[in-house]
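# Per-entry structural report
Chain residues, written in single-letter form:
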Amino acid sequence: MTFTPLVSYAAPEIYRCQVVSDASIKPDGALDIVKDSSRVDQSFSVIKKTGEIIGDVMDPMKNPKVLALGSEKNSYKVIWTQKASGKNGVFLDYLNVDEFVKGAKKPFGFFSGSLLLTGFCE
């Protein structure tokens with residue numbers, strides 16, 4: 001019986017992402033960087049084909065819709081929509097991964113209301 005060592009690598013069908021900054025939009029429109037955020041340095045994974053998020057950084061999100069798989073010229077894009085209380089209300093979350101950036105680390109932005117998380121995915 002032989003054992004092979006576990007090698008950590010990014011599978012082409014999964015993004016492994018790490019949060020670098022956490023911010024929110026203030027009422028005056030300026031960006032407020034959250035100092036000592038518990039989200040910074042946390043990680044999550046994204047199943048590219050389905051848009052499913054695995055990890056505790058974000059609240060559970062259901063029914064992702066992948067808008068673009070990303071390429072050498074385009075970003076990976078996925079949205080989640082949920083009905084909000086009240087008539088015609090909706091919550092929208094959006095993840096953008098700059099797949100076209102050269103190298104293994106691809107910058108991402110995650111937007112949820114006035115929350116903005118940034119970092120990189122591999």
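Just above sits the structure.
Residues numbered from 1 in each chain as written. Predicted model: local features only at pLDDT ≥ 70, side-chain atom pairs only at ≥ 80, totals over all residues. Heavy atoms only, no water.

Before going further, it helps to examine the state of the cysteines. Here, the word disulfide means a covalent bond between the sulfur atoms of two cysteines. Within the structure shown, the criterion is met by one disulfide. Disulfide pairing places Cys 17 opposite Cys 121 at an S-S distance of 2.1 Å. The chirality of the disulfide connecting Cys 17 with Cys 121 is right-handed, given an S-S dihedral of about 105 degrees. Linking Cys 17 in strand β1 (residues 14–25) with Cys 121 in strand β9 (residues 115–121), this pair joins segments that are 104 residues apart in sequence. Residue classification places Cys 17 among the buried positions, given a relative accessible area of 2%. The class of Cys 121 is buried, set by a relative accessible area of 0%. (Disulfide = S-S within 2.5 Å. Helix = DSSP H or I, 4+ residues; strand = E, 2+ residues; numbered from the N terminus. Buried < 20%, exposed > 50% of the residue type's maximum accessible area, 1.4 Å probe, protein only.)

Moving on, we come to unusual backbone geometry. Peptide bonds are, in most cases, trans, and in most cases residues other than glycine have a negative phi. Positive phi, normally seen in glycine, also occurs at Asp 36, with a value near 60 degrees. Positionally, Asp 36 belongs in the loop between β2 (31–33) and β3 (43–47). The phi dihedral of Asn 63 falls on the positive side, at around 55 degrees, and the residue is not glycine. Structurally, Asn 63 can be placed in the loop between β4 (53–54) and β5 (65–69). Given a relative accessible area of 65%, Asn 63 falls into the exposed group.

Under the defined criterion, the tally for this structure stands at four aromatic pairs. Relative to Phe 110, the ring of Trp 80 has its centre 6.2 Å away and its plane inclined at 65 degrees; by these criteria the two rings are edge-to-face. Of this pair, Trp 80 sits in strand β6 (residues 76–83) while Phe 110 sits in strand β8 (residues 106–112); the two residues are 30 residues apart in sequence, bridging distant segments of the chain. Overall, the relative accessible area of 1% leaves Trp 80 in the buried class. (Phe/Tyr/Trp six-rings, centres within 6.5 Å; stacked < 30°, edge-to-face > 60°.)

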